[in-house]
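Per-entry structural report
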Amino acid sequence: METMADAEPAKAKPRPIIRLGLFLISHSFIVSVACCAAGIFALLLLPILAKNTYISENALMPGSASPMLSNDDVSRARMFVNKVVSFDFKTDSSSIGIQDLVAQHITDLGGEVNFHRFLPQVNKFNPLHFFSSPDQGIAQENYTCSSYGINTVGFIRAPRGDGKEAIVLVTPYNSVKTSMGEALSLGIAYSIFSLLTRVTWLAKDIIWLAADSQHGEYAAVAAWLREYHTPSFDGSGRSLFESNASPTTGRKRPNDFLRAGTMAAALVIKVTDGSEKAERDVLNLYAEASNGQMPNLDLINVVNYLAVNGQRLRVKVEKLGSLLDSWWLRSLAELFHKLGTVARSLNPQWNFGISVAEYIEGSATLASSLYNQALGVPTGPHGVFRDYQVDSITMEISAKRVANYKNRPNELLLQGGRLVEGVIRSVNNLLEKFHQSFFLYLLTSPNKFVSVGVYMIPFALLVAPLPMVAASLFTDSTRRISGMGTKVASSPASSDIPAISFRSWRWLHAAKTVFIVHFWGAVVTLLPHFLSLVQDSSPLTNLLSWIILSAFTLLILQAILGSSFSLLHMNRTQGMEWTLLKSVTIAAACTGLCIMSVINFATAELGALMLVPMCLMTRPLMLDAKAKTLKSFIRAACNVVLIFLVFPPVAYYLWKGALVGLENARVGDFWNWVESLWTWNSATYIYMCMVHLPCWVLCVHTLLYPC
């Protein structure tokens, strides 16, 4: 009994999850290599893992009713198109404008109509635009400007509706010089408007926005939507940009700015010239909005189903043409095809692998979808609707021989009109907003998609090594510094030094450095505001000024806030300070990437492909120089190459060359790209300046760290 009492109590074993964490931290290098390789491999597998699209909302019922658009509606639309075309090519001055022509035809059909006069918006850099609501940034100082844009808006009140919901049709056109394609898009909308004024099944109001795009398609639609949702009033209580008079004749109309209910969906209709070699007309779909926002997938599925099965149109989504002829992508496709053949030979139920051509086209489409979402810039005027949480897409009919329109006057109007009619009938059946299907997805073809649950796997695998490596570096540096601190404490001359306190707070020096650099990134974000005040400066001048001011600001912040971390005997452990700096840098990069994945996944995915290898491989060059081995030389060379490639301007030109080509590229293009990001309030600009650039600077600092 005494022996058992005197025996030391057995140590409690750590829990399995703790043992697993310790194992991963102790083998962080192997885990990092495995996770990064698996993440890239999973990204390349996404075209194979794509699923066929399906309509989740049963109430949509596309194609359940026969089209009602008749040849009489098409004939009237053809006459309307002829008037628009003849009006556009008149040489003498006319007493009416094209806005009045559209308004008169809407009135003749029995619809309500009003004009919306708006001003061209001046794009000025404001770093807070990303955090503001869509009604900000109106150019009030240009209120006296004479170059107004004038939208013509027609309304049909639903006989079975309560006025609480509406469907929007948008047809952009240039009122100064209307092209044949724009006239045809107006004709398609007119034929639908003519039909819907007579039907009895309509349960939602119809709004036809003939958007005057002389100042840009997006600007015209954005100005009307801003006024629709958040009107601006002058001192007398009248809206600043509304007008109830004809823009050319001055005739008064009984209504001011008209409104309908909440918008259930919006369709942008466009017609362009197609290829003469095409066997049939093509319908191009554009869905990307600002910051990677996408409409509900059901809306795309309905349009695709009706276009293919109802109107025999060939549906396309944008793809990167540079990848279609890529030799490495073809080699990869052949490899996956062989693997799929082997897998099916082992088990016929394994449906792994696709054809070579399908993989190449799927990869090109997936890369285009990822690229457009990462830019955060809308691919058409439909993007402004997503800022108001309205599902919208642009339907661009690429028709054969549009210029030779007289050879096929009714076919295009009938196809386009019945397609729009079918989409309106489906949306008209909805009792609530789109919610059943996906909002987060990547397209690999018009009828295949990758859902959020699948495309997050590559990102998770790429980011997974970061916290493990950060913990491993922190543990290793603490252990080594602790050993040095013990030796220092045991010496007679340093017996009174509080070594434990010194070791416990030593990571604050690295944390302070990381904080200063990220604070500098916020300053860099604001610098273009002052550069934009300089008039008539070239993009190259602005870019060089931005780089010089950023470097000068970093030196000032380092001098003011970045004083040396002065503690006794710091020189004895300075050699291991870089591990703490790298540990905190990796933790900051992981945090930034994870936050960005919530805002815009595509930006986080592309950022992880660049940041993760750089952060994991960074090591002081002096350590590799002292080793004088082939391994250390290769590692140092890889670090230098990665640092060069990941520098934002260099990375921009590399991505541009790989995806869209570098023909006619100029140095100032990077400034133009950055300017477009803040013009469209893209979160990619915030990520680049406050996450990517600070991590790059910290990795450079780690490479040049004295050891």
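Numbering of residues starts from 1 in every chain and runs along the sequence as written. Residue-level local features of this predicted model are given only where pLDDT is at least 70; pairs of side-chain atoms are given and counted only at 80 or more, and the full residue set underlies all totals for whole chains, interfaces and linings. Think of the side-chain values as coming from all heavy atoms in the structure, minus any hydrogens and water.

The name an unreviewed UniProt entry gives the protein is Glycosylphosphatidylinositol anchor attachment 1 protein, with Solanum pennellii as the organism.

**Thoughts on the overall build of the protein**
Counting from the N terminus, the helices are DSSP H or I runs at least four residues long and the strands are E runs at least two residues long. In terms of regular secondary structure, the protein is built from 25 helices and twelve strands. Looking at the protein as a whole, 51% of its 707 residues are labelled buried. Pairs of residues are marked as contacts when any of their non-hydrogen atoms sit within 4.5 Å. The contacts in the protein between residues at least 6 apart in sequence include a share of 83% that link residues at least 24 apart. Only the protein chains shown count as cover for residues, and all accessible areas are computed by the Shrake-Rupley method using a 1.4 Å probe. Summed over its atoms, the accessible surface of the protein is roughly 33,400 Å², and 61% of this surface lies on carbon and sulfur atoms. Here's how the labels work: a residue is buried when its accessible area is under 20% of the maximum for its type, exposed when over 50%, partly exposed in between, all with a 1.4 Å probe on protein chains only.

**Details of the environment of Ala399**
Inspection of the secondary structure assignment puts Ala399 in strand S10 (residues 392–399). The class for Ala399 is buried, based on a relative accessible area of 0%. Here the alpha-carbon distance between Ala399 and Asp281, two residues 118 residues apart in the chain, equals 4.8 Å.

**Some words on the nonpolar core**
For our purposes a nonpolar core is just a set of buried Ala, Val, Leu, Ile, Met, Phe, Trp, Tyr and Cys residues, chained together by side-chain atoms within 4.5 Å. Among the nonpolar cores identified, the biggest contains 76 residues, and Trp546, Leu593, Phe670 and Tyr685 are the most heavily contacted of them. If you count residues domain by domain, this core takes at least three from each of domain 1 (2–48 + 457–703) and domain 3 (319–375). Look past the residues within four positions of Phe670 in its chain and what remains in contact with it is Leu543, Trp546, Pro648, Pro649, Tyr652, Tyr653 and Met688. Phe80, Ala158, Ala183 and Leu419 belong to the second largest nonpolar core, which has 73 residues in total. Domain segmentation is taken from an automatic or database assignment of domains.

**A short note on the pattern of salt bridges**
The rule for a salt bridge is simple: a side-chain nitrogen of Lys or Arg has to be within 4 Å of a carboxyl oxygen of Asp or Glu. Within this structure, the stated rule accounts for ten salt bridges. Of the charged contacts in the structure, one is a salt bridge between Asp73 and Arg198, with a shortest N-O distance of 3.0 Å. You can see Asp73 sitting in helix H4 (residues 71–88) and its partner Arg198 sitting in the loop between helix H6 (180–196) and strand S5 (205–210), a full 125 residues away along the chain. Overall, Asp73 belongs to the buried group, its relative accessible area being 0%. Given the relative accessible area of 46%, Arg198 is considered partly exposed. The shortest N-O distance in the salt bridge between Glu165 and Lys204 comes to 3.6 Å. Linking Glu165 in strand S4 (residues 165–170) with Lys204 in the loop between H6 and S5, this pair joins segments that are 39 residues apart in sequence. A relative accessible area of 2% means that Lys204 is categorised as buried.

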